[in-house]
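The lines below spell out each chain.
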Amino acid sequence: MMWSEEDRSVVRRFGKPVAAACLVAALLGIAYLWHVRSTPTLSFRSLSVKNADGIQVTTRQVGAVVEKALSGNFFTADLKRVKEAVETLPWVASATVRRVFPDRLIVEVERRKALALYEDGRIVSDKGVLFAANPEEAKERSLPVFYGPEQQISLMTEAFVRLSDVLAPLSVRITDFQISDRASWSLVFSSGEIPPTQVELGRDDEGLDSVARRLGDFVKVYDQVCTKLGGPPASVDLRYAKAFAAASPDENLIRAWREKGRDGQEQVPKPISPGA
């Protein structure tokens, strides 16, 4: 394309003013962005925390971590950084953070639900996640104890829930659950009338379904076993293919257990010995 002398004259006449105007506009834009980033009038002035229970997660706890993680103002604050900071709190499983114009920050937390204690004192969540927190802050009065390799926590969580359902007809609760180093499963269950009963479940070579089936078959005949033995068996071995073994009732333990329950004392079973 060929430029005429007239075109060149127009460029010379208007080019420098236009360029200067663009430069001024760019500088004004930068100045405005700097103003937005630094002006205190755009800072957050209120924090709302949803699902804080005042025990496991408190507004004060969330506020403290938010204050440390928050920088900038309403428009420039890094909410991802705030979210990650809130999720470092022990009882927080996840968090969402959002702004509400003109100056409000809302943090919504999902609290962990304690399912069991792990043998080292950490807590197992209902999602099979290990975390360190104060067990006394758990909603449940007493938590069952898991023993076994840490990498098996997810499997233990799934099995615990499944086997608890299998035992539901007996109105008992599992107080201890173990997967040994030899991959052998065992548990202890009890109720107000039934003292701690250790059950050897064997290996899960055929999967959780086979373990649940063996336990379920025992649950179906539990009342008959109690009638025949004259009381709840002291222990049960379900490791046989088509049979099981049940130990004779411990009369002294049964008597002491039921008296403790009538006295209103908390009945705490003796835990499984790790490695048993």
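Quick look at the structure, then. (Residues numbered from 1 in each chain as written. Predicted model: local features only at pLDDT ≥ 70, side-chain atom pairs only at ≥ 80, totals over all residues. Heavy atoms only, no water.)

1. Some words on the sheet that holds strand S10 (residues 197-203)
The nine strands lie next to each other as S6-S5-S4-S7-S8-S9-S10-S11-S12, forming an open sheet whose pairing is mixed. The sheet terminates laterally at strand S6 (130-131) and strand S12 (245-246), the two strands that pair on one side only. Of the pairings in the sheet, the one linking strand S9 (residues 184-190) to S10 comprises six bridges and is antiparallel in character. Bridge assignment links Ser-186 to a residue of S10, and that residue is Glu-200. Contacts between helix H4 (residues 153-167) and the sheet are confined to strand S4 (114-118), strand S5 (123-125), S6, strand S7 (145-147), strand S8 (173-179), S9 and S10, with S8 contributing the most and set at about 145 degrees to the helix. Contacts between helix H5 (residues 208-220) and the sheet are confined to S9, S10 and strand S11 (235-237), with S10 contributing the most and set at about 140 degrees to the helix. (Pairing = 2+ DSSP bridges. Helix = DSSP H or I, 4+ residues; strand = E, 2+ residues; numbered from the N terminus. Contact = heavy atoms within 4.5 Å. Axes fitted to C-alpha atoms, helices over the stretch in contact; angles between N-to-C directions.)

2. What to know about the environment of Ile-254
Topologically, Ile-254 is positioned in helix H7 (residues 251-262). Separated by 21 residues in sequence, Ile-254 and Pro-233 place their C-alpha atoms 9.9 Å apart. Ignoring sequence-local partners within four residues, the contact set of Ile-254 consists of Pro-195, Pro-232 and Pro-249.

3. Here we look at the nonpolar core
The biggest cluster of nonpolar side chains holds 34 residues, and the ones touching the most others in it are Phe-146, Leu-163, Leu-167, Phe-177, Leu-187, Leu-201 and Leu-215. When residues of this core are traced back to their parent elements, those giving at least two are S4, H4, S8, S9, S10, H5 and helix H6 (222-229). At seven residues, H4 tops the list of elements feeding residues into this core. Grouped together as the second largest cluster of nonpolar side chains are 27 residues, Val-66, Ala-77, Ala-114 and Leu-143 included. (Core = buried A, V, L, I, M, F, W, Y, C linked by side-chain atoms within 4.5 Å. Buried < 20%, exposed > 50% of the residue type's maximum accessible area, 1.4 Å probe, protein only.)

That's the geometry; what it means functionally is another story.
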